[in-house]
Amino acid sequence: LTLERELALAADRREFELFYQPQVRLIDGSLVGAEALIRWRHPVRGYVSPAEFMPVVNTSALSERIANWVMETACRQARAWELSGSDVRVAINLSPSQLQSGDLAHSVAALLEATGLTPSLLEIEVTEDILLHDERRVLEMFKRIQELGVRILFDDFGTGYASLSYLKKFPLDGLKIDRSFVFGLLSNSDDAAIVGSTIGLSKQLGLTVVAEGIENRATADFLVSMGCEEGQGYFFGRPMPAEAFEKQFLAAE
Ligand code: G
Ligand code: G
Ligand code: NA
Ligand code: MN
């Protein structure tokens, strides 16, 4: 059985799940959002990381099916949380195939309509490999998605080849500083300089800035001192099933 075939069976058997990782306002630790992250609950191997199977998914015929499932599941969850009185935003990771086939803006509009989700509670995270596609087409698609009221964030900022030129070319709402720059923040002055400049740059461009990979309080405090507004990382919470997320982060709201 090839991995691709196994993944198709897994989709039929509903073995995929979305986990949610909290995103907080750094100044007071209050919840602002959740990033939806796919997991494969394998009957024998347990939870399999997307790093192991998403590269195969993204180059297979399954790609669109799983991407649509992620988008729909995340929107339904976000709407359920909205109905329960929370204003937590839910962010999804876009797959490259979602820009190649069909009309993404139309799918997003249809999904918002079907679920009743307030558009500003949905965020889309895009990586540089997505922006490498036909520039005019992507630009047009982003504009239409943003006109719906959905925000678009540049994920893994700083790790690509041309991060700055993308900030100039695309109408983004914010960026997520890649965790590789955040880990060493306290001990590496180069990382501190890069993160500090990125925060300054974001502010000057009017972009929301989210730091990823925050694993301890000292890093969070340092980011606050540099003016970073939002953060995400194991210090605040690991990616977890929706029910655990509700218990830990939504019950007290
Ligand atoms: O959750 P984890 O850190 O294991 O994720 C590993 C990688 O898989 C990350 O790069 C993350 O962006 C990606 N990933 C997780 N969930 C999804 C998803 O639903 N869609 C896409 N396209 N990528 C995802
Ligand atoms: O590529 P993307 O930024 O979407 O990847 C998100 C991934 O980062 C998820 O797989 C998640 O498990 C992982 N992650 C989130 N917070 C932390 C953290 O504090 N430390 C580490 N090592 N990984 C993290
Ligand atoms: Na992401
Ligand atoms: Mn990232």
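Thresholds, definitions, all that
- Residues numbered from 1 in each chain as written.
- Chains lettered and ligands numbered in written order.
- Predicted model: local features only at pLDDT ≥ 70, side-chain atom pairs only at ≥ 80, totals over all residues.
- Heavy atoms only, no water.
- Salt bridge = Lys/Arg side-chain N within 4 Å of Asp/Glu carboxyl O.
- Helix = DSSP H or I, 4+ residues; strand = E, 2+ residues; numbered from the N terminus.
- Buried < 20%, exposed > 50% of the residue type's maximum accessible area, 1.4 Å probe, protein only.
- Arc of directions from axis to C-beta.
- Contact = heavy atoms within 4.5 Å.
- Near = heavy atom within 4 Å.
- Polar contact = N/O pair within 3.5 Å; in protein donor to acceptor, adjacent residues only side chain to side chain.
- Areas by Shrake-Rupley, 256 points an atom, 1.4 Å probe, with all protein chains shown as cover.
- Nonpolar A, V, L, I, M, F, W, Y, C, P; charged D, E, K, R; others polar.
- Donors = N, O, S within 2.8 Å, 3.2 Å for Na, K, Ca; no water.
- Core = buried A, V, L, I, M, F, W, Y, C linked by side-chain atoms within 4.5 Å.

*Asks:* I keep staring at the pattern of salt bridges and nothing clicks. Help me out?
*Replies:* Between side chains of opposite charge, pairing is possible as soon as their charged atoms come close. Throughout the structure, instances matching the rule amount to 14 salt bridges. Taking the shortest distance from any N to any O, the salt bridge between Arg-76 and Glu-72 comes out at 2.9 Å. Note that Arg-76 and Glu-72 are positioned in helix 3 (residues 63–83) at a spacing of four residues, about one turn of the helix. For the salt bridge of Glu-230 with Arg-89, the shortest nitrogen-to-oxygen distance reads 2.9 Å. Pair noted here: Glu-230 is in strand 9 (residues 230–232) and Arg-89 is in strand 4 (residues 89–93), with a separation of 141 residues, a long-range link.

*Asks:* When you look at helix 12 (residues 242–250) in this model, what are you seeing that I'm missing?
*Replies:* Each turn of an α-helix holds 3.6 residues, which means side chains three or four residues apart point in the same direction. Residues of helix 12 that are buried include every one of Ala-242, Phe-245, Phe-249 and Leu-250, and no others. Along helix 12, the residues classed as buried sweep out an arc of 75° about the axis, all on the same side. Among the exposed residues of helix 12, those pointing more than 90 degrees away from its buried face are Glu-243, Lys-247 and Gln-248. In this structure, the buried residues of helix 12 make contact with strand 1 (16–25), strand 2 (31–42), helix 3 and strand 10 (240–241).

*Asks:* When you look at the site of ligand 2 in this model, what are you seeing that I'm missing?
*Replies:* Taken together, 16 residues are adjacent to ligand 2, and Gln-21, Arg-179, Glu-212, Glu-215 and Tyr-234 come closest. A distance of 3.0 Å is found between a nitrogen atom of ligand 2 and a side-chain nitrogen or oxygen belonging to Gln-21. Expressed as a share of its isolated accessible area of 520 Å², the protein-covered part of ligand 2 is 80%. Elements with a minimum of two residues in the shell around ligand 2: strand 2 and strand 6 (151–157). With three residues, the top contributor of residues to the shell around ligand 2 is strand 2. Residues of the shell around ligand 2, tallied by class, amount to five nonpolar, four polar and seven charged.

*Asks:* Would you explain the environment of Ile-92 in this entry?
*Replies:* Here Ile-92 lies in strand 4. When its relative accessible area of 2% is taken as the criterion, Ile-92 is described as buried. With 33 residues separating them along the chain, Ile-92 and Glu-125 place their C-alpha atoms 5.9 Å apart. Leaving out residues up to four positions away in the same chain, Ile-92 has contacts with Ala-36, Val-70, Met-71, Ala-74, Glu-123, Ile-124 and Glu-125.

*Asks:* How should the coordination of the sodium ion (ligand 3) be read in this particular structure?
*Replies:* Note on metal sites: the ideal angle is 109.5 degrees for four tetrahedral donors, and 90 or 180 degrees for six octahedral donors. At 2.1 to 2.3 Å from the sodium ion (ligand 3) lie its protein donor atoms, namely Glu-35 (OE), Asn-93 (OD1), Glu-125 (OE) and Asp-155 (OD). Separating the sodium ion (ligand 3) and the manganese ion (ligand 4) is a distance of 4.1 Å, and Asp-155 donates to both of them. Taken as a pair, Glu-125 in strand 5 (residues 122–126) and Asp-155 in strand 6 lie far apart in primary sequence, 30 residues in all. As far as burial versus exposure is concerned, Glu-125 and Asp-155 are alike and both buried.

*Asks:* Is there a simple way to think about the nonpolar core in this case?
*Replies:* A general trend in soluble globular proteins is that nonpolar side chains are found buried together. Formed by 76 residues in total, the largest nonpolar core has its most connected members in Phe-16, Tyr-20, Phe-53, Trp-81, Val-126, Leu-223 and Phe-245. For this core, the element with the highest residue contribution is helix 3, accounting for seven residues. In contact with Val-126, other than residues within four places in its own chain, are Leu-94, Leu-131, Phe-142, Ile-152, Leu-153, Phe-154, Asp-155 and Leu-172.

*Asks:* Quick question: what am I supposed to make of the site of ligand 1 here?
*Replies:* Ligand 1 sits among Leu-37, Ile-38, Arg-39, Ser-49, Pro-50, Met-54, Val-70, Asn-93, Leu-94 and Ser-95. Within the contact set of ligand 1, an oxygen atom lies 2.8 Å away from a side-chain nitrogen or oxygen of Arg-39. When ligand 1 sits alone it has 500 Å² of accessible area, and the protein chains cover 74% of it. The element that contributes the greatest number of residues to the shell around ligand 1 is strand 2, accounting for three residues. Considering only residue class, the shell around ligand 1 consists of six nonpolar, three polar and one charged.

*Asks:* Would you mind going over the coordination of the manganese ion (ligand 4) with me for this structure?
*Replies:* Within the protein, the manganese ion (ligand 4) binds to Asp-155 (OD), Asp-156 (OD), Glu-212 (OE) and Glu-212 (OE); these donor distances fall in the range 2.1 to 2.5 Å. Mapped onto the sequence, the residues coordinating the manganese ion (ligand 4) show the spacing D-D-x55-E. Looking at Asp-155, the relative accessible area reads 5%, which means it is buried.

By themselves these figures say nothing about function.
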